[in-house]
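One letter stands for each residue in the lines below.
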Amino acid sequence: MKEISNKNNLQVLHQDNHIIVVNKRVGDIVQGDKTGDKPLSEVVKEYIKEKYNKPGEVFLGVVHRLDRPTTGIVVFARTSKALTRLNELFKNRETQKTYWAIVKNKPINPEDKLIHFIKRNEKNNTSKAHIKEVPDSKLASLDYTVFKELNNYFALEINLHTGRHHQIRAQLASIGSPIKGDLKYGFDRSNPDGGIHLHARKLVFVHPVTKESLSIMAPVPNEVIWNAV
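Keep in mind it's a predicted model, so treat the numbers as computed, not measured. (Residues numbered from 1 in each chain as written. Predicted model: local features only at pLDDT ≥ 70, side-chain atom pairs only at ≥ 80, totals over all residues. Heavy atoms only, no water.)

I keep staring at the overall build of the chain and nothing clicks. Help me out?
Secondary structure summary: the chain contains four helices and twelve strands in total. Overall, the C-alpha framework of the chain stretches about 55 × 40 × 35 Å when taken along its three principal axes. Across the 229 residues of the chain, 48% fall into the buried class. Taking contacts inside the chain between residues at least 6 apart in sequence as the whole, the part at least 24 apart equals 60%. (Helix = DSSP H or I, 4+ residues; strand = E, 2+ residues; numbered from the N terminus. Buried < 20%, exposed > 50% of the residue type's maximum accessible area, 1.4 Å probe, protein only. Contact = heavy atoms within 4.5 Å.)

Quick look at the structure:
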């Protein structure tokens, strides 16, 4: 099911009585932060209120987040029951997350499994991927495949096994393939829209209430390089 709410230009990928899944745009923050910018959670609340003509406060639970410069699938819970169960699913890694990334430097191996120890730096909001365990680091694992060669760039499909802070960005940077536009992790120039070419492409999980298996795919942004993919 896919609808567009013209008022907020919200792209809804799936909705039912218990969950709503949207395609996040570059620059959207999932949940309110110190910037004071309007978060995606509020936009989704307004959409639900308008679509279903709901009086009073709309319940919406934030289950997980995507970094502000990234795009793709974000799941919200519409009931407290769904929120509790979704939190467990994500916490126990009972979801399959697939990302697409665009890099300029082709990885040495066309496909590989990357295992690092991620250490977060709260002060500058970055993470560093270490080969060996260091104090306060967490194990991070993913596998990637280079699935398309573009003019000057390469498209990678990434399956995430853990959900660490800036994990994909830090791990790809550590093998010399920072994501296009990601100045924070060593790419040489920013993208015009301030985003990076990292997209949460696909999510597979069991519906928290109906127990059916859901496989949700998010269209890539309408932009030259993504369109080439």
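Help me understand the pattern of salt bridges in this model?
Oppositely charged side chains can pair when the atoms bearing their charge come close. Evaluated as defined, the whole model comprises ten salt bridges. Notably, a salt bridge pairs Asp37 with Arg68, separated by 2.6 Å at the nearest N-O pair. Of this pair, Asp37 sits in the loop between β3 (19-24) and α1 (40-51) while Arg68 sits in the loop between β4 (61-62) and β5 (71-77), and the two are 31 residues apart along the sequence. According to the relative accessible area criterion, Arg68 is partly exposed, its value standing at 31%. Its salt-bridge partner being Asp67, residue Arg169 comes within 3.2 Å of it at the nearest N-O pair. Pair noted here: Arg169 is in helix α3 (residues 167-174) and Asp67 is in the loop between β4 and β5, with a separation of 102 residues, a long-range link. Given a relative accessible area of 5%, Arg169 falls into the buried group. The exposure class of Asp67 is partly exposed, given its relative accessible area of 23%. Ionic contacts of the salt-bridge type, sharing partners, join the residues Glu42, Lys45 and Glu57 into one network. (Salt bridge = Lys/Arg side-chain N within 4 Å of Asp/Glu carboxyl O.)

Mind showing me how you'd approach unusual backbone geometry here?
Phi at His166 is positive, roughly 50°, even though this residue is not glycine. Note on placement: His166 falls in the loop between β10 (154-160) and α3. Despite not being glycine, Lys211 shows a phi value in the positive range, around 70°. For Lys211, a relative accessible area of 52% gives the class exposed.

Hey, could you run me through α3 in this one?
Residue pairs three or four apart in sequence face the same way in an α-helix, which turns once every 3.6 residues. Summarising burial for α3: six of the eight residues are buried, a large majority. Taken together, the buried positions of α3 are occupied by Gln167, Ile168, Arg169, Ala170, Gln171 and Leu172. The elements touched by buried residues of α3 are β6 (96-103), β7 (111-121), β8 (126-130), β9 (138-149), β10 and β11 (198-206). Two residues or fewer past α3, Gly176 is found with a positive phi of approximately 85°.

Sorry if this is basic, but what is going on with helix α2 (residues 80-91) here?
With twelve residues, α2 ought to run about 16 Å at 1.5 Å a step, and its terminal C-alpha atoms sit 16 Å apart, in line with that. All of the buried residues along α2 are Ala82, Leu83, Leu86, Leu89 and Phe90. Buried positions in α2, seen along its axis, are confined to an arc of 125° and lie on one side of it. Of the exposed residues in α2, those oriented more than 90 degrees away from the buried face are Thr84 and Lys91. Among the structural elements, β3, β4, β5, β6 and β11 are those in contact with the buried residues of α2. At the exit of α2 stands Arg93, carrying a positive phi of roughly 60°. (Expected span 1.5 Å × (residues − 1). Arc of directions from axis to C-beta.)

Sorry, what's going on with the pairing of β10 here?
Sheet faces and side chains relate simply in a regular strand, where the side chains alternate between the two faces. Judged by how many residues are buried, β10 sits mostly within the fold: five of seven residues are covered. Examined bridge by bridge, β6 and β10 share seven bridges and lie antiparallel to one another. Within β10, the position partnered with Val103 by the bridge is Phe154. (Pairing = 2+ DSSP bridges.)

Everything listed here is a matter of coordinates, which is why it stays silent on function.
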